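What follows is each chain in one-letter form.
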Amino acid sequence: MNNLGDNFVWIEAGGPGRKWRTDGNTRHQNVVVADAVAIKSQISLIKSVSPNVDDPVQVVYANQNWHTSYRGVSPEYFEIKRWFVDQGAFFSQDDVDRAADVCVLGRTVRDQLFGVEDPIGKVIRVTNLPCKVVATLIPKGQSLSGQDQDDTIIIPYTMAQKKLKGITWLDDILCSATSADAVKVAGQEATAVLRDRHHLRPEEEDDFNIRNPEDIIQAQLDASRTLTILLIAIASISLLVGGIGIMNVMLVSVTERTREIGVRVAVGATEEAIQLQFLGESIMLSLVGGAAGVLFGVFGSYWLDRL
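Keep in mind that what you see is a predicted model, and the values were worked out from it rather than measured. Every chain's residues receive numbers from 1 upward, in the order its sequence appears when written. Per-residue local features are limited, in this predicted model, to residues with pLDDT of at least 70; the limit for side-chain atom pairs, both in listing and counting, is 80 or more; totals at the level of whole chains, interfaces and linings are taken over all residues. Just so you know, side-chain values use all the structure's heavy atoms and leave hydrogens and water out.

This paragraph deals with a nonpolar patch on the surface. A cluster of nonpolar side chains, Leu276, Leu279, Ile283, Met284, Leu287 and Val288, forms an exposed patch at the surface whose accessible area comes to about 610 Å². By the secondary structure assignment, Leu276 is in helix α9 (residues 271-306). Buried residues are those whose accessible area, probed at 1.4 Å on protein chains only, stays under 20% of the maximum for their type, while exposed residues exceed 50% and partly exposed ones sit between those limits. Under the relative-accessibility criterion, Leu276 is labelled exposed at 59%. Each patch groups residues whose relative accessible area exceeds 30% and which form no salt bridge, using 9 Å between like charges and 5 Å between nonpolar side chains of Val, Leu, Ile, Met, Phe, Trp and Tyr. Each accessible area value is a Shrake-Rupley result obtained with a 1.4 Å probe; residue values ignore everything except the protein chains displayed when judging cover. Whenever a carboxyl oxygen of Asp or Glu lies within 4 Å of a side-chain nitrogen of Lys or Arg, that contact is scored as a salt bridge. Secondary structure elements follow DSSP: runs of H or I of four or more residues count as helices, runs of E of two or more count as strands, with numbering from the N terminus.

Dropping the structure here:
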């Protein structure tokens, strides 16, 4: 939950069961900047609010280009999502008001475009829009779902609305509650505020969706648990097949070594000693085969990762 954000409350445009009308690629959305302002002013349990507009994008610098995604936000976003500056300084509210062409780079984008070169003050192209790099972010690594959180650029939401997407609505409203205990209550109060602002009747569904961080984490845990069960099932089948293979190898070994067994019996070997011999051989065969499989898996994974 700490990695998701500072007491994170996530409001998505579009209700869970609502089918949006479409005109080409345009979705009629009801969540707007005024909703974010109302949430901040009317809910005491919410301490920070940031509008959010996002989309995939191609970014270019000199002869380097990279396909990533942008987030159009306000300066409060960095506090809400616990992003910290590595170089430079975050853009300001004045940049948001002017829809300034400035951006902040995640570590992955910075490395792909600039390598070891200092990116601060350089101008990149976001689609076809020149954009000045004002800061870079300290790396965060992968999210719970395995996505690279550093593969992103962050820009003022007004720039994203007016110059990249040409829209007036928002994709999300990102909020920070005053405490962890206040997250659920703040979400409930945000629901009440938005339903009132959107003039929804009691029988109508929400045209937005409040995402609970605990629900997000639980969904990831459920997916991880399902994957774990699947892997255990595959491993169990592998062990069964391996056991049958070892059993057959030892059966052939016993059949072909009857003379050796007879000689050992003739010189005084007991039945327990002979059983112990073949049991020891099967154990060694299992251990050597298992160790070889582990080494093959480790080095194979490392080799594939380097490709």
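If you check the backbone angles, Ala62 has positive phi at about 55° while not being a glycine. If you trace the backbone, Ala62 turns up in the loop between β4 (46-61) and β5 (64-73). Ala62 gets classed as exposed once you look at its relative accessible area, which sits at 66%.

Moving on to the nonpolar core. Of all hydrophobic cores here, the largest spans 43 residues; its most connected members are Ile39, Ile124 and Ile173. A per-element tally of this core places β4 first, with six residues. Here a residue-residue contact requires only that any non-hydrogen atoms of the pair lie within 4.5 Å. In contact with Ile173, not counting residues within four places along its chain, are Val9, Trp10, Ile11, Val31, Val32, Asp35, Ala36, Ile39, Val49 and Ser50. We call a set of buried residues a nonpolar core when its members are Ala, Val, Leu, Ile, Met, Phe, Trp, Tyr or Cys and they connect through side-chain atoms within 4.5 Å of each other. Listed in part, the 17 residues of the second largest apolar core include Phe8, Val134, Leu137 and Leu174.

Across the interface, helix α1 (residues 33-42) lies against helix α6 (residues 183-197) with an axial gap of 10 Å and an inter-helix angle of 135°. On the basis of their axis angle, the class for α1 and α6 is oblique. When you trace α1 past α6, the crossing you get is right-handed. Between α1, through Ala34, Asp35, Ala38, Ile39 and Gln42, and α6, the contact on the second element is made entirely by Ala190, Val193, Leu194 and Arg197. Partitioning the contact of α1 with α6 into residue classes produces six nonpolar, one polar and two charged. Orientation is described by lines fitted to C-alpha atoms, with helices fitted over the stretch in contact, and by angles between N-to-C directions that extend from 0 to 180 degrees. Oblique is the label for any angle not under 35 degrees, not over 145, and not in the 65 to 115 range, which are roughly parallel, roughly antiparallel and roughly perpendicular in turn. Two helices that cross are described as forming a left-handed crossing if the nearer one is turned anticlockwise from the farther one by less than a right angle, and a right-handed crossing if clockwise. Residues are grouped as follows: nonpolar covers Ala, Val, Leu, Ile, Met, Phe, Trp, Tyr, Cys and Pro; charged covers Asp, Glu, Lys and Arg; every other residue, Gly included, is treated as polar.

The next subject is the packing of helix α8 (residues 258-266) against α9. Two elements in contact, α8 and α9, have axes whose closest approach is 10 Å; the angle formed by their N-to-C orientations is 140°. Considering their axes alone, α8 and α9 lie oblique with respect to each other. By crossing handedness, the relation of α8 to α9 is classed as right-handed. On α9, the residues touching Glu260, Ile261, Arg264 and Val265 of α8 are Ala273, Ile274, Gln277 and Phe278. For the contact of α8 with α9, a count of residues per class yields five nonpolar, one polar and two charged.

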